[in-house]
Amino acid sequence: MPSAAPPAASPPPTASIAPSSLPPSLPTTHWPAVLAALACGIAISVLVGKVPLALGALRAELGLSLVQFGWVSSVLTTLAVLFALPVGLLAGRIGALRMVLAGLVLGAVGALAALPVHGIGGLLASRLVEGAAFLMVAVATPSLITAATAPAQRRLALSLWSTYMPLGVSVGLIGGAALIARAGWRALWLLSAVGLLAAALGLLLQRRHYAALRPAAGPSADSLRQTLQVLRQPLPWLLPAAFGAWALQHFALIVWMPAFMREQRGLDSASVAALTSLMLLVNIPGGLLGGVLMSRGVPRGPLIAVTHTLTGLLGLLAAADGLPDGLRYAACLAMSMIGGLVPAAVFSSSAVLARTPAQVAAVQGLILQGSQFGQFIGTPLIAAVVASAGHWSAARLVTASAAALGVLVGLCCHRLERRQAAAAAAATALARAA
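Everything quoted here is computed from the prediction, not taken from an experiment. (Residues numbered from 1 in each chain as written. Predicted model: local features only at pLDDT ≥ 70, side-chain atom pairs only at ≥ 80, totals over all residues. Heavy atoms only, no water.)

1. Overview of the overall build of the protein chain
When helices and strands are tallied, the protein chain shows 18 helices and 0 strands. Looking at the protein chain as a whole, 53% of its 434 residues qualify as buried. When the accessible surface of the protein chain is split by element, carbon and sulfur atoms take 71% of a total near 17,600 Å². (Helix = DSSP H or I, 4+ residues; strand = E, 2+ residues; numbered from the N terminus. Buried < 20%, exposed > 50% of the residue type's maximum accessible area, 1.4 Å probe, protein only. Areas by Shrake-Rupley, 256 points an atom, 1.4 Å probe, with all protein chains shown as cover.)

Spelled out as structure tokens, the structure:
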């Protein structure tokens, strides 16, 4: 594969990074290929959004306890926390397109395998398969987006990828409730399998636009060493921490606010689903705005710090017992929309940090691991704090702490980015002088 120089707007983060071997620079971005890749993310994230909707149906038919249902619901998150980075490293060896296609088919198999089950064992096994599929698609798809974009639009396209989760979960929430009511939970599982296979077909139709990507060539030790180079920097570890801090706050909105609306305000399931879906959907404009800001060169670190400051303040407002419910819900919407800037800033970082397709997958695996870790620890933390205090507003202690951590991480990122920019400028000046 011919080597291509990195875009001028994206200097090497450190002097130790190898020359870029990302796909050759395209004159224009092929947006149908980008959208086909985004559709894969939306289809796989439906697997995340469909389970909470089926709580009542699954417990009634399969006799699941709340603890058993919790295991079924948390399988995807647990797998991502443990294996997202290793899967990212593996994607560089077998190729992103192969991994995404295999993940989509595997997800469909997992969904279909749940149709004949009548107990917790079979359902949990199918969720393990779906969880592995989710990891494969979520980690490898950004490499396909990178291959189909021109360097000048790569940050924007990767920021667009940050909307895949709210889009997919919203599709599951909005369409799934009515489908389960009419045809049962198995109909939703069947439809999710069809969606995954349709996404795989769309990806195959665009495969020539990902042709520049090839599995890592050469000795395995050399290619792995090159991939691990990017993980020796602090930024690829700090940025997932910023994402995880936001994921914890957003998780409080999406999981605990619906519980609050049901238990404290007595809203029916349809109203709760509609209000929760809206909280998810407003996250999408925030992600798109983040993509525009990234493409215009807004510094990533300050954007993360300012965003966490605003989400922290809005979280305190949303949890204030003395305020009208309408104002508190408006604060939830604003918090979700503004918070969308964080995933956009973090996902787009691989356009700067990674110099090879394998490094893109490794960075994206680390990002996914960080975001899922925030959700993973969010449930027990918020549950413990609320149970100890005896009221839902105590959740603000957790969200405010996460926001403070995000501000600190954003400031650290800004400091590192300034150092790297200065080093790159000095290297360029020396090269011109020579």
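2. With respect to the packing of helix α13 (residues 300-318) against helix α18 (residues 395-433)
For the pair α13 and α18, interaxial distance at closest approach is 7 Å and the crossing angle is 170°. If you check the angle between α13 and α18, you find them roughly antiparallel. Judged by the sense of rotation from one axis to the other, the crossing of α13 with α18 is left-handed. Two secondary-structure elements touch here, α13 through Arg300, Gly301, Pro302, Ile304, Ala305, His308, Thr309, Thr311, Gly312, Gly315 and Leu316 and α18 through Arg396, Ala400, Ala402, Ala403, Gly406, Val407, Gly410, Leu411, Cys413, His414 and Glu417. Among the residues making up the contact of α13 with α18, the classes are represented as 10 nonpolar, 9 polar and 3 charged. (Axes fitted to C-alpha atoms, helices over the stretch in contact; angles between N-to-C directions. Parallel < 35°, antiparallel > 145°, perpendicular 65-115°, else oblique. Left-handed = near helix turned anticlockwise from the far one by under 90°. Contact = heavy atoms within 4.5 Å. Nonpolar A, V, L, I, M, F, W, Y, C, P; charged D, E, K, R; others polar.)

3. Some thoughts on a nonpolar patch on the surface
A surface patch of nonpolar side chains, amounting to about 340 Å² of accessible area, comprises Leu112, Leu190, Leu191 and Val194. Top contributing element to the nonpolar patch by residue count: helix α8 (residues 185-205), with 3 residues. Following the sequence through the fold, leucine 191 ends up in helix α8. (Patch = residues over 30% accessible without salt bridge, like charges linked within 9 Å, V, L, I, M, F, W, Y side chains within 5 Å. Salt bridge = Lys/Arg side-chain N within 4 Å of Asp/Glu carboxyl O.)

4. A short note on the nonpolar core
Counting 102 residues, the largest nonpolar core has Leu58, Tyr164 and Trp189 as the members making the most contacts within it. Per-element accounting of this core gives the leading share, 11 residues, to helix α5 (residues 120-147). One finds Leu248, Phe251, Ala252 and Ile382 within the second-largest nonpolar core, a separate group that totals 9 residues. (Core = buried A, V, L, I, M, F, W, Y, C linked by side-chain atoms within 4.5 Å.)

5. Comments concerning the packing of aromatic side chains
Scanning the entire structure with this criterion turns up 4 aromatic pairs. Aromatic side chains tryptophan 185 and tryptophan 189 sit 5.1 Å apart centroid to centroid with 85° between the ring planes, which places their arrangement in the edge-to-face category. Of this pair, tryptophan 185 and tryptophan 189 both sit in helix α8, 4 residues apart, which is roughly one turn of that helix. The exposure classification of tryptophan 185 matches that of tryptophan 189, with both residues buried. One aromatic cluster is present, built from ring pairs that chain together Trp161, Tyr164, Phe243 and Phe347. (Phe/Tyr/Trp six-rings, centres within 6.5 Å; stacked < 30°, edge-to-face > 60°.)

6. Looking at the side chain of threonine 276
Within the element layout of this structure, threonine 276 appears in helix α11 (residues 269-281). Among all residues touching threonine 276, those that are not within four sequence positions of it are Leu173, Ile254, Pro258 and Met261.

7. A word on the environment of leucine 397
With respect to the helices and strands, the residue leucine 397 is situated in helix α18. Leucine 397 sits 85 residues away from glycine 312 along the chain, and the two C-alpha atoms are 9.9 Å apart.

8. Considerations on the pattern of salt bridges
The tally for this structure, following the rule as stated, stands at 5 salt bridges. Linking glutamate 417 and arginine 300 is a salt bridge whose minimum nitrogen-to-oxygen distance equals 3.3 Å. A residue pair is termed long-range when its members are at least 10 positions apart, and glutamate 417 in helix α18 and arginine 300 in helix α13 qualify at 117 residues. According to the relative accessible area criterion, glutamate 417 is buried, its value standing at 19%. Using a relative accessible area of 7% as the deciding quantity, one classes arginine 300 as buried. Aspartate 321 is paired through a salt bridge with arginine 328; the nearest N and O atoms lie 3.8 Å apart. One salt-bridge network, held together by shared partners, links Lys50, Arg127 and Glu130.

9. So, the environment of proline 343
Residue placement: proline 343 occurs in helix α15 (residues 341-347). According to the relative accessible area criterion, proline 343 is buried, its value standing at 4%. It is 8.2 Å that separates the C-alpha atoms of proline 343 and glycine 290, two residues lying 53 residues apart in sequence. Leave out the neighbours within four places in its chain, and proline 343 touches Ser162, Phe243 and Trp246.

10. A closer look at the confidence of the model for the protein chain
When pLDDT is averaged along the protein chain, the result is 83, and 89% of the positions lie at 70 or above. For residues 1-20, every residue scores under 50 in pLDDT, and the model assigns this stretch 39 contacts once sequence neighbours within four places are set aside. (pLDDT = per-residue confidence, 0-100.)

11. Some remarks on the packing of helix α7 (residues 164-183) against α8
Where α7 meets α8, the axes come as close as 6 Å, and the angle between the chain directions of the two elements is 130°. With respect to α8, the element α7 is oriented oblique. When α7 is examined against α8, the residues Gly176, Leu179, Ile180 and Ala183 are found in contact with a partner set consisting of Trp185, Ala187, Leu188 and Leu191. Of the residues belonging to the contact of α7 with α8, the class tally is 7 nonpolar, 1 polar and no charged.

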